[in-house]
Amino acid sequence: MMNIGWRLITLGIAGAAGAASNLVVNQVWEKGLGKHRPADEAEMMQMPMRDVVVFTAVTAVVSAVVSTALKRKAAQWYGA
């Protein structure tokens, strides 16, 4: 059975990773690529397919990296 403390920490990490990833994706998309980040799905449907693919890839990579980095730090701190 998994430790309840670690479960709570990973829930917090998921929220923090989502918020941090959102900030990083905004910076990469707007400052790095000089484009306006789509606000919703309707706006995304109007984008060229190439931009949709790039946006999705950037979002996925940033999210995975931030989540993994936070989990590693938390495991180091928690001793998991």
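Residues numbered from 1 in each chain as written. Predicted model: local features only at pLDDT ≥ 70, side-chain atom pairs only at ≥ 80, totals over all residues. Heavy atoms only, no water.

Visitor: Go over the overall build of the protein chain with me, naming the residues and quoting the values.
Guide: A tally of helices and strands in the protein chain yields three helices and zero strands. Secondary structure elements in the protein chain, listed N-terminal to C-terminal, are α-α-α. Summarising its shape, the C-alpha atoms of the protein chain cover approximately 45 × 25 × 15 Å along the three principal directions. Among the 80 residues that make up the protein chain, the fraction classed as buried is 22%. A fraction of 58% describes how many contacts in the protein chain between residues 6 or more apart in sequence connect residues 24 or more apart. In the protein chain, which carries 8 positive and 5 negative side-chain charges, the distance between the mean positions of the two groups comes to 17 Å. (Helix = DSSP H or I, 4+ residues; strand = E, 2+ residues; numbered from the N terminus. Buried < 20%, exposed > 50% of the residue type's maximum accessible area, 1.4 Å probe, protein only. Contact = heavy atoms within 4.5 Å. Lys, Arg positive; Asp, Glu negative; His and termini not counted. Charge placed at Lys NZ, Arg CZ, Asp CG, Glu CD.)

Visitor: Describe helix H1 (residues 4-32), and please don't skip the residues or the numbers.
Guide: For H1, which comprises 29 residues, the first-to-last C-alpha distance of 40 Å matches the rise-based estimate of 42 Å (1.5 Å per residue) to within 8%. What H1 keeps buried is the set Trp6, Ile13, Ala17, Ser21, Val25 and Trp29. Sitting at the head of H1, asparagine 3 places a side-chain oxygen 2.7 Å from the backbone nitrogen of glycine 5. Looking one or two residues beyond H1, the residue adopting positive phi is glycine 34, at roughly 65°. (Expected span 1.5 Å × (residues − 1). Polar contact = N/O pair within 3.5 Å; in protein donor to acceptor, adjacent residues only side chain to side chain.)

Visitor: Kindly report on the nonpolar core, identifying the contributing residues and their values.
Guide: One finds Ala17, Val25, Trp29, Met44, Met47, Val52, Phe55, Val58, Val62 and Val66 forming the largest nonpolar core, which totals ten residues. If you list the elements that add at least two residues to this core, you get H1 and helix H3 (49-78). (Core = buried A, V, L, I, M, F, W, Y, C linked by side-chain atoms within 4.5 Å.)

Visitor: Mind laying out the environment of aspartate 40, listing which residues take part and the relevant values?
Guide: Counting through the fold element by element, aspartate 40 comes out in the loop between H1 and helix H2 (41-45). Assessed through its relative accessible area of 44%, aspartate 40 is described here as partly exposed. Spatially, the C-alpha atoms of aspartate 40 and arginine 72 are 32 Å apart, while their sequence positions differ by 32 residues. Of the polar contacts made by the side chain of aspartate 40, one reaches the backbone nitrogen of alanine 42; its length is 3.3 Å.

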